[in-house]
Each structure stands twice: as structure tokens, then as C-alpha cells.
Amino acid sequence: PQDRVFNFAAGPATLPENVLLKAQSDLYNWHGSGMSVMEMSHRGRDFRSIIEKAEVDLRTLLNIPENYAVLFLQGGATTQFAAIPLNLCRPDDTVDYLVTGSWGDKAFKEAQKYCKPKVIWSGKSEKYVSVPLCDGLEQSANAKYLHLCANETIYGVEFKDYPVPSNPSGVLVADMSSNFCSKPVDVTEFGLIYAGAQKNVGPAGVCIVIVRKDLLGNAQELTPVMLDYKIHAENNSLYNTPPCFGIYMCGLVFEDLLKQGGLEEVEKKNKKKAGILYNAIDESTGFYKCPVEKSVRSLMNVPFTLEKSELEAEFLREAAKEKMVELKGHRSVGGIRASIYNAMPLDGVDKLVAFMKDFQSRHA
Ligand code: PMP
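It should be emphasised that the depicted structure is a prediction, and the values quoted were computed from it without experimental measurement.

Q: Just checking my understanding: could you explain unusual backbone geometry for this structure?
A: Note: most residues except glycine have negative phi, and most peptide bonds are trans. Going from G11 to P12, the amide bond is cis rather than trans, its omega being -5 degrees. Within the secondary structure layout, P12 lies in the loop between β1 (6–7) and α1 (17–27). Although it is not a glycine, N236 adopts a positive phi angle of roughly 50 degrees. By secondary structure assignment, the location of N236 is in the loop between α5 (229–234) and α6 (244–259).

Here is the structure:
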């Protein structure tokens, strides 16, 4: 519909139009139940069918094996920064963190309260434009886990493959908040994957955790019940009232991703969109610049600056006039950032690139 904008926000972010329309038509009276999903008991048959289908569809999308639990939780990815060390290690245990941006850094800082985390690689001095090579990392011998942020939302740096923990009993843990379900992932490489929903798969308020079942049941004694993965796994995410409506929305998105042909197809579309945008930046003869190393540029968040930085405000103003909004870079780094998650249509990227070329021709 013509009253919608192209929303390049980093999250909460644009959702698929067909999902919004489906939610709208279901809103008043879900499947003849006489009520909306927001009004249903989370223990009733209707809501159970919704959460079970959401889980089944997510398992199909990511090919999640039976020995992994899928949890729909609250508190955002930030809560997982604490839940992960609380569940996976003792206070004296060493764990390793790769810091490729501010989210990895926040995860590391939170873990300091609950165990002995160590930063074994940081991109900070280079302003977070790369990720470490998977081979040759100096990992701690007894690290219970190795944590990384698969896609740093602010800096636009994305792992394309993943290191293997050198401790045979250690596991890889990944924050996939901003590239969850944007491409196929081999879940078996990870002990735990977590993702806030509000970028690629739903509204804010749901955080998805995928965790290998043998890691459950060792939470530190003081772990709040709401942060204990075992409790949530045993209760199929229904220990207490879950974020029902958000889970329902995630379910609609999963259904839509399956209808598109699954994550291989989704990745193809994402590569195409990102390719068009990065090419436009790289071919602007320096008018636009993306600082990120080419091999690890994010398919989801595309940060760039204008050589004439005094033009950035004008760029944002004119873009908004043409119904392309939320292009301002994160307040900590400035510049421009176009987030082009799954639900950003190719038309949105084409329109942005056409605008960028026109803007350059008028201001070069
Ligand atoms: N990790 C990443 C990669 C993120 O992008 C964000 C949110 N922007 C967070 C963690 C924090 O998520 P939340 O706000 O859901 O706690």
C-alpha cells in the first residue's frame, strides 16, 4: 500500500507486509475462536497450537536436531548476556569472548559478574571493521564456551564462518540477534544460539534460544528461575506466561520464510540486496564509503559515511521525504546505516540506490 514507507531501522524493524495483513485479519477473531491471540490463555489448546507450530516451523527452517531445545523467552538478547554464563559455567570457570563490536563487548562485560570471561580478540582499536580468522585464535585451554556475535548490528561486521572451540568439552555460543534466519546455519556447530526477534523474525519482546540439551541442568545456584534454561525447556517455554502475541507473530514470519523456499532462498535474496547496495557505495568514487573489510561485510546492516559528512543531515532529510526512513547510523558511530533485513523488499534497496546516485550527482 502506498501509505507504507521503506523502513531501514535496525530493530524493531520492518516486517513482511503479508504477515502484517494476516495478523490484521486474525486480530479480532483468531480462527473462529471468538478472541484475539492477545486475549487467549497461554495454556489453552489454541495458543498451544500456535507455539507448537512456531517451534516446528523454526526447526524445519534451521534444520534443528532433536537434541537441541528451542525456547521462546523474554528480556531480550541482553538478558541472555547474563543467562549464558549462569547456565553454562561456575563462578571460577574461564570462558572466551571475541569482541567484534559493541554487542559482543556488552555480553563480555555482563559475563564478568558470573564467571571469568576473557577477551581473546578485539577489533576495537581498528574501530570494529573486521573479524578474526577462525584458525590461530589463542583460546583458553579450559574455556567452557567461546562467545561471538555473529553479526554486529552497529558496525555491520558479520562472521561468514565460525571458529571451533579448542577445548574439546567447550562449546560455541553465538548472538544471532541481527542475522537470525537470514541464511542457513549449521546449528550443530553451536552449543547455544540466541536472538532477539525484533530484527528479522518478529516484534520486540521475544528472544529465541536454541540450546543443546546436554548443556541444561547445571545452572549456578543463585540463577533466577526465569533465567534457568532447564526450567523453560521442561515446560516448553510455558513455565510462566510467555510473550504470546510476539510468539504468534514469529510463527507467521517462519511460515512466510518457509513459503519463500526456506533459508537458502532467503539468503540468495539477501545477497542480491546487499550486493546492489555495497556496489553502489564502492562505485561512488569515494562519495560514499563503507569502512568494513569486504570479506566480512554484513548482509543485514550496511553502514556508510559521506565523504562530505556535512551533507549527511541533508541526505537523511531528502531520503525521508521520499519515504525512506530510519537511515541514521547508531548514535555511537554516526553516519548512515541501512538495515536490510529479510523483510526489506528488493524495491526498497533499488529505490535507496537510485536516490544515492541522484543525491551524489547533485552534490558531487
Ligand atoms: N545483540 C545484538 C547483535 C543486537 O543487535 C541487539 C539489539 N540491537 C542486542 C544484542 C540487544 O538486544 P535486546 O535489545 O533485545 O536486549
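Q: Which parts of the structure should I look at to understand the site of the ligand?
A: By nearness alone, every residue bordering the ligand is listed as G11, G76, A77, T78, W103, C149, T153, D175, S177, S178 and G196. The element contributing the most residues to the shell around the ligand is helix α3 (residues 76–88), with three residues. A per-class count over the shell around the ligand returns three nonpolar, seven polar and one charged.

Q: Sorry if this is basic, but what is going on with the sheet that holds strand β14 (residues 336–339) here?
A: Sheet strands associate in pairs through backbone hydrogen bonding, adopting either a parallel or an antiparallel arrangement. Spatial ordering of the open sheet is given by β11-β12-β14, a layout of three strands whose pairing is antiparallel. At either end of the open sheet lies a strand with only one pairing partner, and these are β11 (288–289) and β14. The sheet contact formed by β11 and strand β12 (residues 301–306) spans two bridges and is antiparallel. Within β12, the position partnered with K289 by the bridge is T305. Of the strands in this sheet, β11, β12 and β14 are in contact with helix α7 (residues 263–282), which crosses β12 at around 15 degrees.

Thresholds, definitions, all that
- Residues numbered from 1 in each chain as written.
- Predicted model: local features only at pLDDT ≥ 70, side-chain atom pairs only at ≥ 80, totals over all residues.
- Helix = DSSP H or I, 4+ residues; strand = E, 2+ residues; numbered from the N terminus.
- Near = placed C-beta within 6 Å.
- Nonpolar A, V, L, I, M, F, W, Y, C, P; charged D, E, K, R; others polar.
- Pairing = 2+ DSSP bridges.
- Contact = placed C-beta atoms within 7 Å.
- Axes fitted to C-alpha atoms, helices over the stretch in contact; angles between N-to-C directions.

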